[in-house]
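# Results of the structural survey
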Amino acid sequence: VVLDRYAFLSMAAAVASLGIKAAAYFLTSSVGLLADALESTVNLAAAVLLLVALRGARKPADRTHAYGHGKLEFLVSGAEGLLVLAAAAGIALAAFERLQQPVTLTSLDVGMGCVLLAAGINGAVGWVLLRAGRRHRSLALEADARHLFTDVASSAGLLVALAIMWMRPDWWIVDPVVAWALAGHIAWTGGDIVLRSIHGLLDAGLDDDEPELAEALAQAMAQTPAT
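Structural notes, computed from the coordinates. (Residues numbered from 1 in each chain as written. Predicted model: local features only at pLDDT ≥ 70, side-chain atom pairs only at ≥ 80, totals over all residues. Heavy atoms only, no water.)

## A word on the nonpolar core
Quick reminder of the rule: To qualify as a nonpolar core, a set must consist of buried Ala, Val, Leu, Ile, Met, Phe, Trp, Tyr and Cys residues joined through side-chain atoms within 4.5 Å. Each residue's exposure class comes from its accessible area (1.4 Å probe, protein chains only) as a fraction of the maximum for that residue type: buried when under 20%, exposed when over 50%, partly exposed otherwise. Counting from the N terminus, the helices are the DSSP runs of H or I reaching at least four residues and the strands are the DSSP runs of E reaching at least two. Contacts are assigned to residue pairs with any non-hydrogen atoms lying within 4.5 Å of each other.
By size, the foremost hydrophobic cluster in this structure holds 16 residues, and its most contacted members are Leu33, Leu162 and Met165. Sort the elements by how many residues they give to this core and helix 4 (residues 108-136) lands first, with five residues. The contacts of Met165, once residues within four sequence positions are left out, are Leu105, Leu108, Trp171, Trp172, Val174 and Asp175. Counting residues in each nonpolar core, the second largest holds twelve residues, with Val31, Val42, Ala179 and Ile186 among its members.

## Quick look at the environment of Glu142
Looking at the element boundaries, Glu142 is found in helix 5 (residues 139-167). When the C-alpha positions of Glu142 and Ile193 are compared, they lie 10.0 Å apart, and in sequence the two are 51 residues distant.

## Section: the side chain of Thr28
Definition in use: Nitrogen and oxygen atoms within 3.5 Å of one another constitute a polar contact, given that in protein one can donate a hydrogen and the other can accept it, and given that sequence-neighbouring residues count only through two side-chain atoms.
Here Thr28 is to be found in helix 1 (residues 2-28). Among the residues examined, Thr28 registers a relative accessible area of 0% and is labelled buried. A polar side-chain atom of Thr28 sits 3.2 Å from the main-chain amide nitrogen of Ser30. Beyond its immediate chain neighbours, meaning those up to four positions away, Thr28 contacts Leu33, Thr104, Leu105, Thr106, Ser107, Leu108 and Gly111.

## Examining helix 4
Using the following cut-off: Given the number of residues in a helix, its expected span is that number minus one, multiplied by 1.5 Å.
The end-to-end C-alpha distance of helix 4 is 41 Å, a good match for the 42 Å that 29 residues give at a rise of 1.5 Å each. Note on helix 4: the residue one or two positions beyond its end, Arg137, has a positive phi of about 55 degrees.

## Thoughts on the packing of aromatic side chains
Operational definition: For Phe, Tyr and Trp, rings pair up if their centres lie within 6.5 Å, where Trp contributes its six-membered ring, and each pair is then called stacked (planes under 30 degrees apart), edge-to-face (over 60) or tilted (otherwise).
All chains considered together, the criterion is met by one aromatic pair. Summarising the aromatic geometry, the rings of Tyr25 and Phe26 are spaced 5.4 Å apart at their centres and angled 55 degrees between planes, so their arrangement reads as tilted. The exposure class of Tyr25 is partly exposed, given its relative accessible area of 22%.

## Quick word on the packing of helix 4 against helix 5
To keep things clear, this is the line we draw: In this analysis an axis means a line fitted to C-alpha atoms, helices contributing only their contacting stretch, and an angle means the value between N-to-C directions, from 0 to 180 degrees. Roughly parallel here means an angle under 35 degrees, roughly antiparallel means over 145, roughly perpendicular means 65 to 115, and every remaining angle is called oblique. For a crossing to be left-handed, the near helix must be turned anticlockwise from the far one by less than a right angle; the clockwise case is right-handed. For this classification, the nonpolar set comprises Ala, Val, Leu, Ile, Met, Phe, Trp, Tyr, Cys and Pro, the charged set comprises Asp, Glu, Lys and Arg, and every other residue, Gly included, is treated as polar.
Running from N to C, helix 4 and helix 5 point in directions that differ by 160 degrees, and their axes come no closer than 8 Å. In terms of orientation, helix 4 and helix 5 fall into the roughly antiparallel class. When you trace helix 4 past helix 5, the crossing you get is left-handed. Counted by class, the contact of helix 4 with helix 5 contains 21 nonpolar, six polar and five charged residues.

## Focus: the pattern of salt bridges
As a working rule, side chains carrying opposite charge can pair if their charged atoms are close by. Going by this rule: Think of a salt bridge as a Lys or Arg side-chain nitrogen and an Asp or Glu carboxyl oxygen that are within 4 Å of each other.
Counting across every chain of the model gives four salt bridges. The closest approach of N and O atoms between Asp36 and Lys21, which form a salt bridge, is 3.5 Å. Residue Asp36 is found in helix 2 (residues 31-57), and its partner Lys21 is found in helix 1; the two are separated by 15 residues along the sequence. Under the relative-accessibility criterion, Lys21 is labelled buried at 1%. With a closest N to O distance of 3.3 Å, Asp170 and Arg168 form a salt bridge. For Arg168, a relative accessible area of 38% gives the class partly exposed. Several salt bridges share partner residues, and in doing so they unite Lys21, Asp36 and Asp151 into one network.

Given below as structure tokens:
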């Protein structure tokens, strides 16, 4: 029940961030802001999945699930990773279309303020979720925190791009280029989450050489005289 509060907190942050970025996009027509808003939509979906995972993982073992429902967290984390990859593809497509059909950007100073506000919200909530995930050993909470930190990193890059275009309006090409960069960063994070989830579902152990290294370290420690 305590962990559910973090899921609701994540949902609130995603809704607030989405509203702020959507308003900024309509004011500025920046495809970079559209990309940032799309990522917030994914974060909202991820927060809903997080709540489902946390509640499902608490179910006790039964006749058909002798080892409980803990693997549900890995499944949901994998779904979150796939959502992030889908968002990255959508961002890249939108940036390509903007490159083909340039649009004059407006109210970039207001857009920068909105980006800064949304980044502050996501950063604060992400830090809370990360600490809670490590304390409760919840991969789902950590995955959701990483989504928010990815959003903050994306917003930081976007803020720089908006500032450049605000000072140099003729540099409109910065907008789709930054959107592509954001798409690549988001795709890398999504792929990493998917891989970690697959390893968890398959109960992946140590690499081939790690057991020998661990044994050698244990022997060395055993031979070291106590001080």
